[in-house]
Amino acid sequence: MHLHRAQADRVRRRDRRGRGVRGPLAPPELPMARSRAHIFDDLVLDAVERLERVWARELANVEFLVEDVPRVPRGVTAEDGIPFSRLETGRAGQAKIIVYRRPVEIRTREPEEMAMLVYDTVVEEVANLLGLEPETVDPET
């Protein structure tokens, strides 16, 4: 299983007033030190790991990515809807499933609701990739 942040997720903060680069407010092992992006990455990883229990062979050549927002092609408007994810298939059975963080975050209020939407989104894209119905990929969806 592969999960990559599609955009650079480490941005160096400015050196304001000559005090040096700001450091973390809490040790990295504490939950409060985790950013929303890292928490979202973990939700995608959890969804993929859950599906790999049954579909490991079929997902062996699939790369899972997280991007903050989709790149909207010209001519597409807000009325067309903003996607939660995208499936890209390539040659030799290679595929990428990209999950968009901000559209999912905006449409959910609770962490549990976000986890369910991320899982449903990953299931839907895996179903599209395999040519199956989402209920076949995971009967609980």
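Residues numbered from 1 in each chain as written. Predicted model: local features only at pLDDT ≥ 70, side-chain atom pairs only at ≥ 80, totals over all residues. Heavy atoms only, no water.

Looking at an unreviewed UniProt entry, one finds the chain named Metallopeptidase family protein, with Streptomonospora mangrovi as its source organism.

> What's the story with helix H1 (residues 36-55) in this structure? I'm lost.
Each turn of an α-helix holds 3.6 residues, which means side chains three or four residues apart point in the same direction. The first and last C-alpha atoms of H1 sit 28 Å apart over 20 residues, in line with the 28 Å expected at 1.5 Å per residue. Regarding H1, the residues found buried are Ala 37, Phe 40, Asp 41, Leu 43, Val 44, Ala 47, Val 48, Leu 51, Glu 52 and Trp 55. (Helix = DSSP H or I, 4+ residues; strand = E, 2+ residues; numbered from the N terminus. Expected span 1.5 Å × (residues − 1). Buried < 20%, exposed > 50% of the residue type's maximum accessible area, 1.4 Å probe, protein only.)

> Please clarify how the packing of H1 against helix H3 (residues 111-130) should be interpreted in this entry.
Axes are the key here: two packed helices are described by the angle between their axes and the distance separating the axes. Contact geometry of H1 with H3 gives a least axis separation of 9 Å together with a crossing angle of 45 degrees. Considering their axes alone, H1 and H3 lie oblique with respect to each other. Of the two possible hands of crossing, H1 and H3 adopt the one that is right-handed. Along the contact surface, H1 presents Phe 40, Leu 43, Val 44, Ala 47, Val 48, Arg 50, Leu 51 and Trp 55, while H3 presents Met 114, Ala 115, Val 118, Tyr 119, Val 122, Val 123, Val 126 and Leu 130. Looking at the contact of H1 with H3, its residues break down into 15 nonpolar, no polar and one charged. (Axes fitted to C-alpha atoms, helices over the stretch in contact; angles between N-to-C directions. Parallel < 35°, antiparallel > 145°, perpendicular 65-115°, else oblique. Left-handed = near helix turned anticlockwise from the far one by under 90°. Contact = heavy atoms within 4.5 Å. Nonpolar A, V, L, I, M, F, W, Y, C, P; charged D, E, K, R; others polar.)

> Please explain the pattern of salt bridges as it appears in this structure.
Side chains carrying opposite charge are able to pair once their charged atoms draw close together. Throughout the structure, instances matching the rule amount to eight salt bridges. In this structure, the salt-bridge partner of Arg 57 is Glu 58, at a minimum N-O distance of 3.4 Å. Residue class for Arg 57 comes out exposed when judged on its relative accessible area of 71%. Owing to a relative accessible area of 29%, Glu 58 belongs among the partly exposed residues under this scheme. (Salt bridge = Lys/Arg side-chain N within 4 Å of Asp/Glu carboxyl O.)

> Mind showing me how you'd approach H3 here?
Look at H3: 29 Å from first C-alpha to last across 20 residues, which is about the 28 Å you get at 1.5 Å a residue. Those residues of H3 that sit buried are Met 114, Leu 117, Val 118, Tyr 119, Thr 121, Val 122, Val 123, Glu 125, Val 126 and Ala 127. For H3, the elements touching its buried residues are H1, strand E2 (62-67), strand E3 (85-89), strand E4 (95-100), helix H2 (101-106) and helix H4 (134-137). Gly 131 sits one or two residues past H3 and shows a positive phi near 70 degrees.

> How should I be thinking about the pairing of E2 in this particular structure?
For a regular strand, side chains alternate in direction, first toward one face of the sheet and then toward the other. Taking burial as the measure, the six residues of E2 include five buried ones, the bulk of the element. In this structure, E2 lies alongside E4, joined through six bridges in parallel fashion. Note on E4: the bridge partner recorded for Phe 64 is Ile 97. (Pairing = 2+ DSSP bridges.)

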